[in-house]
Amino acid sequence: GQQLNQSPQSMFIQEGEDVSMNCTSSSIFNTWLWYKQDPGEGPVLLIALYKAGELTSNGRLTAQFGITRKDSFLNISASIPSDVGIYFCAVPPISSGSARQLTFGSGTQLTVLP
Amino acid sequence: DTAVSQTPKYLVTQMGNDKSIKCEQNLGHDTMYWYKQDSKKFLKIMFSYNNKELIINETVPNRFSPKSPDKAHLNLHINSLELGDSAVYFCASSQGGSGWKQYFGPGTRLTVT
């Protein structure tokens with residue numbers, strides 16, 4: 001099956017710092033998604049990317065769809081305590097049917113220190 | 001109003017028992033899903049279902065079965081529970097044609113003793 005390599009596995013940063021994480025695969029994809037999971041909650045979609053090279057922002061978050069279509073990056077600027085959580089990349093299958101099954105990366109656990 | 005809800009939030013049971021987790025969505029979506037999140041936080045699709053087809057991930061044991069009484073509900077039944085079934089189970093829903101935005105429920109933490 002599809003495998004997504006997400007790094008880093010965990011990050012400890014000071015409040016106010018910028019954060020970068022990425023997701024890579026040996027396969028190409030047409031869509032890259034970034035989700036955040038708060039402690040004790042389900043994942044929430046942050047950003048969706050649909051075109052190679054696309055750069056999309058959502059507040060302090062910016063994500064990019066890699067040119068090779070095999071990777072994606074997420075940056076968080078000026079981190080704040082509520083950024084704490086697990087960040088997941090996810091991709092749908094190349095040949096999608098009516099049921100949209102996503103494959104998730106292994107997640108990046110972010111801790112923001114005051 | 002909660003978009004995707006699950007009950008119970010926590011479920012503790014013994015090996016060999018049969019249990020169910022309920023999921024309801026009030027978004028009018030046509031597709032619902034069940035995911036399993038293990039102790040390492042890895043999220044894996046188990047089932048996806050709409051009124052046309054049920055897709056079962058090949059790695060899911062047949063002790064697990066989804067049941068949909070109507071479009072807004074997709075319940076998860078688990079027979080003969082095993083220790084390895086301990087995990088957090090998430091229900092999600094989405095609407096066909098609206099991209100890949102899936103809305104997740106708050107999760108059910110299942111502990112098998």
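All of these numbers come straight from a predicted model, not from anything done at the bench.

The next point concerns the interface of chain B and chain A. Across the boundary between the two partners, chain B contributes 25 residues, which contact 23 residues of chain A. Both sides of the chain B and chain A interface together cover about 2,000 Å² of buried area, and 57% of this is carbon and sulfur. Broken down residue by residue, the surface that chain B buries against chain A is led by L43, W100 and F104 of chain B, which jointly contribute 35%. Joining chain B to chain A, the criterion identifies zero salt bridges. Viewed at the interface, chain A and chain B are joined by four residue pairs in polar contact (both at pLDDT 80 or more).

Enumeration over the complete set of coordinates arrives at ten aromatic pairs over all chains. With 5.7 Å between their ring centres and 85° between their planes, F29 of chain A and W32 of chain A make a pair best called edge-to-face. Classification of F29 of chain A as buried rests on a relative accessible area of 1%. You can call W32 of chain A buried: its relative accessible area is 0%. Aromatic pair Y33 of chain B and Y35 of chain B: ring centres 6.3 Å apart, planes at 35°, arrangement tilted. For the pair Y33 of chain B and Y35 of chain B, a shared accessibility class is recorded, and that class is buried. Aromatic rings pair up to connect Y35, F88 and F104 of chain A together with Y33, Y35, F90 and F104 of chain B into one cluster.

Once that is clear, we can look at the pairing of strand β9 (residues 87-94) of chain B. All names here are of chain B. The buried count for β9 comes to eight of eight residues, which makes it a mostly enclosed element. Every second residue of β9 is oriented toward a common face, with A87, Y89, C91 and S93 on one face and V88, F90, A92 and S94 on the other, all of them buried. Direction of pairing for strand β4 (residues 31-37) relative to β9: antiparallel, over a ladder of seven bridges. Within the sheet, the bridge partner assigned to W34 lies in β9 and is C91.

Basis of the calculations
Residues numbered from 1 in each chain as written. Chains lettered and ligands numbered in written order. Predicted model: local features only at pLDDT ≥ 70, side-chain atom pairs only at ≥ 80, totals over all residues. Heavy atoms only, no water. Contact = heavy atoms within 4.5 Å. Buried area = accessible area lost by both parts, 1.4 Å probe. Salt bridge = Lys/Arg side-chain N within 4 Å of Asp/Glu carboxyl O. Polar contact = N/O pair within 3.5 Å; in protein donor to acceptor, adjacent residues only side chain to side chain. Phe/Tyr/Trp six-rings, centres within 6.5 Å; stacked < 30°, edge-to-face > 60°. Buried < 20%, exposed > 50% of the residue type's maximum accessible area, 1.4 Å probe, protein only. Helix = DSSP H or I, 4+ residues; strand = E, 2+ residues; numbered from the N terminus. Pairing = 2+ DSSP bridges.

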